[in-house]
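# Chains, contacts and geometry: an overview
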Amino acid sequence: MSTSTAVIDSRTPSRNVFRTCQSTGRQIHIGAEWLVKAHAVASVVALLIGAIAAVLIVLTRWQAVHLLPADWFYRVLGVHGMSMLIFFIIFFEIAVLHFTSTALINARGCAPKTSWLGFALMTIGAVMVETMMWAGKADVLFTSYVPLRADPNFYLGVILFAVGALIGVSIFFVNLVVARREQRYEGSLPLVVYGAVTAAIIAVITLLHGAAIYIPTYLWSLGVMKVDPEIYRVVWWGLGHSSQQINVAAMVAIWYMLGALTIGSVVVNEKISRSAFVLYILFISMASAHHLLVDPGMGPAWKIVNTSYFMYMAVLASMIHGFTVPAGMELGMRLRGYTNGMFEWLRRAPWHDPGFSALIFSVFVFGFVGGITGVTIGTEQINIIVHNTLRVPGHFHATVVSGTAMAFMGATYYLIPLVFQKKVAFWKAAQIQPYLFAGGMLIFTLSMTFAGSFGVPRRHWDISFSTAAFDMQFSPIVDVLLAFVALGGLLAATGAFVFVAIAVKSVFLGEPIGQIPRGVAVAGIPAGLTHPPVHAADVDERNAALHADSRGLMGPMPGTVVLVFVFLAAFVVYFFVNWKVLSFVWKIG
Amino acid sequence: MHLDTHTGLDSPKGVWWKPAHKSEKLWVVIAFAWCMVLFAMMPLWHWKGGQNPSGIRRHTTPIAYGQRLGEFIAQYQTGQDRGIPIVSPPPGADVYLAAAQFQWLPILRLQKGVEYTLHLSALDVNHGFSLYPINVNFQVVPGYDYGLRVTPNAAGDFRILCNEFCGIGHHMMVGRVIVDDVPAVAATGVNP
């Protein structure tokens, strides 16, 4: 926020009450702020349900404990998927959309009644789905592949939730148009809002796929029409995978936001970052194919074009952000005087600030674990040794949990003081929470990936096959790996419970923040607010000096250049090792 | 050159389409080149590699597939295990395997180093073909016949587990494939 000046609007209509944010000087619309609060609270409730389900699941897959009976295992697995991937994440994303389309550009939240209708529909839909699942009337797991059949109210609940979310996304676009017309901000949209626009556009594509599949499926469940199982899979994954791409875009936007708030990250080049977001919009919804690579419905040409997002243009986008995000962090720190050596900017960063530690873990685990495994297992032929094994949840817990959920948690540590205007409760616990959560997830995802490479199936109650027709025995290593999966899962779930406790205590019983003291560390207020990472007045000259030709190819961000090449080396090795492993199996064609 | 230093929370003023630093440009070029390698590997493996999920893909119906399966079992059955027929098709034959809640039908007896066309389909809901211990996985969808040309490269007693959730008995669903080193079926008299 080094060079920002808030646009103070004198034409504020009387029914639109604003307050001035004492920390950033921005104009905050109170009505929109309530929407942010409501969606954030609903999201945390869903997270709590999902985390309880997670504990029950890992304690069942740990064969030595094997907690739940079979029917309850599959039921709770379905609850976990819906609660986390749909309700937690989409409620939070709609909160992010209300926040970025108002607070970041001094704008007002438009059409409040319609916005609240959207929230109500989402809530009703979520309650319907949860009720059906817990009641055992929808034992179809998250994917609900036809012709497995659930109670019609399950599908209806999903439809209502999606319609509500679509309303929330529409309000985001309306807010932006009105803000432009009312000249609430000067120049272009900030990069963070631009990223949110990307997420919103992908959300529209995703939700339309959702309507295209769940409305026919609802009618099928009522006996009115037929749904082809393969067409269901194609269109459903247009929802199922694309919704994860909303997460990616929203997460990257939050990376830029947390970088700015915690260490004064700058945008190294707007053109590059924004072009990468455009690549997401153009190509990312083709990833539906990742789930259909060993399906009988489509031929190789379709699979290659789609699984590669038409020649990996969306992977290119992520690799670009994988450079620009740390580069912005490095440059931001160097501009504030941390210029020694290759990595002083990283060493001297505020690791005790949960907003920063969450950010850095999110970037690291998403890239190194989630990204590399995802691209590799989404390769047409390599998928033969991966499909429906534990390698798949191993991958997506590294993206959507260690990446997206971790970033959302980091953002929450700033939303609590900035939006709810409360101190973050249990401050000591908050400072270690990202370490607990990310560390647990790292053990969890790596162990799951290794177990999956032995062919251990995902979504399976008993891999000792004690009730099966023929005996079957995995390598004893698998038992050890599944124990590590449980250990990592329990650590991460503990991190999630700590987060829920912090969020609930802060929001409902928290200490009002009052005036934020500058230059004094205060328990409950992140360092980025007490010690704002402000750039000096001569920042442009410093920046020009760092960009001087004399600094050579490494230029202003040598540490980042080193990191991205380490990343590329890991990627190349992992990718080709998988081809080698594939070449050992039966000839198939 | 970079005069408007700002964070991602600030509106850039004026034209932001400005030249990037050469380190950033270099990374974009290298990342793009790597994406092309990722892409090229798939067609390349179709051309030179031995493992591709292409197959022969056809529409069918559970009833038609069940009938074809019955004929196949009647033609080549050589025994049974736990009530499930063991079928020993000749080299190069079309081999039929069906998934149904919660079993794989029939038990297949194949020869090492011989190519078969292995047909997969489901008689009720989605199932997942996962061959243990070599870890080969395919989706089995009702109404679709997936004919894969497979060549076993080692003898052994293999298992097929189901790795797509197919109902509450999903974890009980284990089938069997036997691969013989040499033509071992002379005694049964069905080997041509």
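What follows covers the overall build of chain A. Within chain A, the secondary structure is distributed over 18 helices and three strands. Here the C-alpha radius of gyration of chain A, 24 Å, is about what a compact globule of 589 residues would show, namely 25 Å. Taken along its principal axes, the extent of the C-alpha atoms in chain A is 75 × 55 × 45 Å. The 589 residues of chain A split such that 61% are buried. Across chain A, contacts joining residues at least 24 apart in sequence account for 83% of those joining residues at least 6 apart.

Secondary structure assignment for chain B yields two helices and 12 strands. Going residue by residue from the N terminus, the α and β elements of chain B occur as α-β-α-β-β-β-β-β-β-β-β-β-β-β. Over its C-alpha atoms, taken along the principal directions, chain B stretches across nearly 85 × 40 × 30 Å. Taking as baseline every contact in chain B between residues at least 6 positions apart, the subset at least 24 positions apart corresponds to 56%.

Residue and element names in this part refer to chain B. Pairing within the open sheet is mixed, and its seven strands lie in the order E2-E3-E6-E12-E11-E8-E9. The open sheet is flanked by strand E2 (77–81) and strand E9 (136–140), the only strands paired with a single partner. Averaged over all neighbouring strand pairs, the angle between strand axes comes to 25 degrees, with direction disregarded. In the sheet, strand E11 (residues 156–162) pairs with strand E12 (residues 174–180) via six bridges, with the strands oriented antiparallel. Looking across to E12, one finds that Asp157 is bridged to Ile178.

Okay, the pairing of strand E7 (residues 116–122) of chain B next. For a regular strand, the rule is simple: side chains alternate between the two faces of the sheet. Residues and elements named next belong to chain B. Of all seven residues making up E7, six are buried, and the element is well covered by its neighbours. Bridging between strand E4 (residues 94–100) and E7 involves six bridges; their strand directions are parallel. In the sheet register, Tyr96 faces E7, and the bridge partner there is His119. Summarising the sheet, E7 and strand E10 (residues 144–151) pair through five bridges and their orientation is antiparallel. Pairing of Leu120 across the sheet is with Tyr146, part of E10.

Tallying the contact residues gives 99 residues for chain A and 80 residues for chain B. Among the elements that make up the side of chain A that touches chain B, the one with the highest residue count is helix H10 (residues 309–335) of chain A (nine residues). For the side of chain A that touches chain B, the class distribution of residues is 59 nonpolar, 26 polar and 14 charged. As paired strands, strand E3 (residues 587–588) of chain A and E10(B) are joined by two bridges and run antiparallel to one another.

Time to look at the pairing of strand E6 (residues 107–111) of chain B. Residue and element names in this part refer to chain B. Of all five residues that make up E6, five are buried, and the element is covered over most of its length. The two faces of E6 match: Ile107, Arg109 and Gln111 on one face and Leu108 and Leu110 on the other face are all buried. Taken together, the two bridges between strand E3 (residues 84–87) and E6 define a ladder with parallel strand orientation. Each residue of the ladder has a partner; that of Ile86, found in E6, is Ile107. As defined by bridge partners, E6 adjoins E12 across four bridges and the pair is classed as parallel. Pairing of Leu110 across the sheet is with Val179, part of E12.

One full turn of an α-helix is made of 3.6 residues, so residues set three or four places apart face in the same direction. Residue and element names in this part refer to chain A. For helix H3 (residues 112–134), spanning 23 residues, the distance from its first C-alpha to its last is 33 Å, which sits close to the expected 33 Å at 1.5 Å a residue. Looking only at H3, the buried set comprises Ser115, Gly118, Phe119, Leu121, Met122, Gly125, Ala126, Met128, Val129, Met132 and Met133. Considering only its buried residues, H3 is in contact with helix H1 (30–61), helix H2 (70–100) and helix H4 (152–181).

Let us look at the environment of Ala536(A). As for its position among the elements, Ala536(A) is in the loop between helix H16 (527–530) and helix H17 (539–546). Sequence spacing of Ala536(A) and Arg181(A) is 355 residues, and the spatial spacing of their C-alpha atoms is 33 Å.

Another aspect to go through is helix H8 (residues 270–283) of chain A. With 14 residues, H8(A) extends 20 Å from end C-alpha to end C-alpha; this agrees with the ideal 20 Å at 1.5 Å per step. For H8(A), the full list of buried residues reads Glu270(A), Ile272(A), Ser273(A), Ala276(A), Phe277(A), Leu279(A), Tyr280(A) and Phe283(A). Looking at the packing, one finds that the buried side of H8(A) touches helix H5 (191–221), helix H7 (242–263) and H10 of chain A together with helix H1 (22–48) of chain B.

For the rest of this paragraph, the subject is the packing of helix H13 (residues 391–420) of chain A against helix H15 (residues 476–509) of chain A. All names here are of chain A. Interhelical geometry of H13 versus H15 gives an angle of 5 degrees and a closest axis separation of 11 Å. By the criterion of interaxial angle, the relationship of H13 to H15 is roughly parallel. Of the residues in H15, those in contact with Met409, Thr412, Ile416 and Phe420 of H13 are Phe499, Ala503, Ser506 and Val507. Each residue belonging to the contact of H13 with H15 can be placed in one class, and the counts come to six nonpolar, two polar and no charged.

Next up on the list: the environment of Trp461(A). Relative to the helices and strands, Trp461(A) is located in the loop between helix H14 (427–452) and H15. For Trp461(A), a count of 22 C-beta atoms within 10 Å corresponds to the buried category. Sequence separation between Trp461(A) and Phe172(A) is 289 residues, and the spatial gap between their C-alpha atoms is 42 Å. When near neighbours in sequence (up to four residues on either side) are disregarded, Trp461(A) contacts Thr60(A), Ala70(A), Phe73(A), Tyr74(A) and His171(B).

What follows concerns the packing of H10(A) against helix H12 (residues 354–377) of chain A. All names here are of chain A. Packing of H10 against H12 leaves a shortest axis separation of 12 Å and a crossing angle of 160 degrees. Judged on the interaxial angle alone, H12 and H10 are roughly antiparallel. For H10 against H12, the interelement crossing comes out left-handed. On H12, the residues that touch Val315, Ser318, Gly322, Val325 and Pro326 of H10 are Val363, Gly367, Gly371 and Val375. In terms of residue class, the contact of H10 with H12 is made up of five nonpolar, four polar and no charged.

What follows is about unusual backbone geometry. A cis amide bond links Gln101(B) to the next residue, Phe102(B), at an omega of -5 degrees. Residue Pro106(B) follows Leu105(B) across a cis peptide bond; omega there is -15 degrees. With respect to the helices, strands and loops of the structure, Pro106(B) is situated in the loop between strand E5 (103–105) and E6. Here the phi dihedral of Asn106(A) falls at roughly 55 degrees; this positive angle occurs in a residue that is not glycine. With respect to the secondary-structure elements, Asn106(A) resides in the loop between H2 and H3. Of note in the backbone geometry, Tyr309(A) takes a positive phi value of approximately 50 degrees without being a glycine. When you line up the elements, Tyr309(A) lands in helix H10. The exposure class of Tyr309(A) is buried, given the 27 C-beta atoms found within 10 Å.

Calculation rules
Starting afresh in each chain, residues are numbered from 1 along the sequence in its written order. Chains and ligands are labelled by the order in which they are written, letters from A for the one and numbers from 1 for the other. Reporting of local features is limited, given that this is a predicted model, to residues whose pLDDT is at least 70; pairs of side-chain atoms are given and counted only at 80 or more, and all residues count toward the totals for whole chains, interfaces and linings. Each helix is a run of H or I in the DSSP string that is no shorter than four residues. Each strand is a run of E no shorter than two, and both are numbered from the N terminus. The reference for a compact globule is 2.2 Å times residues^0.38; the radius of gyration itself is calculated from the C-alpha atoms. Every C-beta atom is placed from the backbone, and the number of other C-beta atoms within 10 Å of a residue's own sets its class: buried at 20 or more, exposed at 12 or fewer, partly exposed in between. The contact criterion used is a C-beta to C-beta distance within 7 Å, with each C-beta placed from the backbone. Pairing between strands requires that DSSP locate at least two bridges from one strand to the other. Interaxial angles span 0 to 180 degrees and are taken between N-to-C directions of axes, which are lines fitted to C-alpha atoms, for helices over the stretch in contact. Following the grouping adopted for this structure description, the nonpolar residues are Ala, Val, Leu, Ile, Met, Phe, Trp, Tyr, Cys and Pro, the charged ones are Asp, Glu, Lys and Arg, and the polar ones are all others, Gly among them. Expected span of a helix, by definition, is 1.5 Å for each gap between consecutive residues, and there is one gap fewer than residues. By the definition adopted for this analysis, an angle is roughly parallel if under 35 degrees, roughly antiparallel if over 145, roughly perpendicular if from 65 to 115, and oblique otherwise. If you view the pair so one helix is near and one far, a crossing is left-handed when the near helix is turned anticlockwise from the far one by less than a right angle, and right-handed when it is turned clockwise.

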